[in-house]
Amino acid sequence: MGAAKNLDEQHAGDGATPRLSARDIAILAFERTWWKHAGAKEQAIRDEFGLSAARYYQLLGALIDSPSALAHDPMLIKRLHRVRDARTAARSVRLTSLDD
């Protein structure tokens, strides 16, 4: 069962707020401390989760948009939003400059 499905199907007692799966929580913990792992982040992802980097980032992208993740670790989720927003803005500037 994937993290996105876990977020959609696992609900807290009242059914209103999805719960994080153990893998979701592990991904958030990894994002807090991935730089402590030796070597490249992609290799650490493969070693830790047995996932390709592309699949990991798909799961992370869905996870950081989750209200449950925000409730679990607001500082981390807000930081990840800022990083994503900065990358999106930089990509937009690069694409705009190519059009000129």
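From a predicted model like this one, the values you see are computed outputs, not experimental measurements. (Residues numbered from 1 in each chain as written. Predicted model: local features only at pLDDT ≥ 70, side-chain atom pairs only at ≥ 80, totals over all residues. Heavy atoms only, no water.)

Asks: Before we move on, could you go through the packing of helix 2 (residues 22-33) against helix 4 (residues 53-64) and cite the residues and values that matter?
Replies: Between helix 2 and helix 4, the shortest axis-to-axis distance is 11 Å and the interhelical angle comes to 100°. With respect to their mutual orientation, helix 2 and helix 4 come out roughly perpendicular. For the pair helix 2 and helix 4, the contacting residues are Arg23, Asp24, Ile27, Leu28, Phe30 and Glu31 in the first and Tyr56, Leu59, Leu60 and Leu63 in the second. Looking at the contact of helix 2 with helix 4 residue by residue, the class counts come to seven nonpolar, no polar and three charged. (Axes fitted to C-alpha atoms, helices over the stretch in contact; angles between N-to-C directions. Helix = DSSP H or I, 4+ residues; strand = E, 2+ residues; numbered from the N terminus. Parallel < 35°, antiparallel > 145°, perpendicular 65-115°, else oblique. Contact = heavy atoms within 4.5 Å. Nonpolar A, V, L, I, M, F, W, Y, C, P; charged D, E, K, R; others polar.)

Asks: I'd like a description of the pattern of salt bridges, backed by residues and values.
Replies: One pass over the structure, following the stated rule, counts three salt bridges. As a salt-bridge pair, Asp73 and Arg32 come within 2.4 Å of each other at their nearest N and O atoms. With Asp73 in the loop between helix 5 (67-72) and helix 6 (74-99) and Arg32 in helix 2, this pair connects stretches of sequence that are 41 residues apart. Taking the relative accessible area as the measure of exposure, Asp73 reaches 13% and is therefore buried. (Salt bridge = Lys/Arg side-chain N within 4 Å of Asp/Glu carboxyl O. Buried < 20%, exposed > 50% of the residue type's maximum accessible area, 1.4 Å probe, protein only.)

Asks: So what about the nonpolar core? Which residues, and what values?
Replies: Ile27, Leu28 and Tyr56 are the most contacted members of the largest nonpolar core, which totals 17 residues. Sorting the residues of this core by element identifies helix 2, helix 3 (41-49), helix 4 and helix 6 as the ones contributing at least two each. By residue number, the principal contributor to this core is helix 4, which donates five residues. For Tyr56, the contacting residues outside a window of four places in its chain are Ile27, Phe30, Glu31, Ile45, Phe49 and Leu51. (Core = buried A, V, L, I, M, F, W, Y, C linked by side-chain atoms within 4.5 Å.)

Asks: So what's going on with the packing of aromatic side chains? Residues and values would help.
Replies: Under the counting rule described, the total for this entry stands at four aromatic pairs. Centre to centre, the rings of Phe30 and Phe49 are 5.5 Å apart; their planes meet at 80°, and the pair counts as edge-to-face. With a gap of 19 residues between them, Phe30 in helix 2 and Phe49 in helix 3 connect regions that are remote in the sequence. Across the pair, exposure class does not vary: Phe30 and Phe49 are buried alike. Pairing Phe30 with Tyr56 gives two aromatic rings, centres 5.7 Å apart and planes at 80°, and the pair type is edge-to-face. Within this pair, whereas Phe30 is found in helix 2, its partner Tyr56 is found in helix 4, the two being separated by 26 residues in sequence. Exposure class is identical for Phe30 and Tyr56. Each is buried. Members of the aromatic cluster, connected to one another through ring pairs, are Phe30, Phe49, Tyr56 and Tyr57. (Phe/Tyr/Trp six-rings, centres within 6.5 Å; stacked < 30°, edge-to-face > 60°.)

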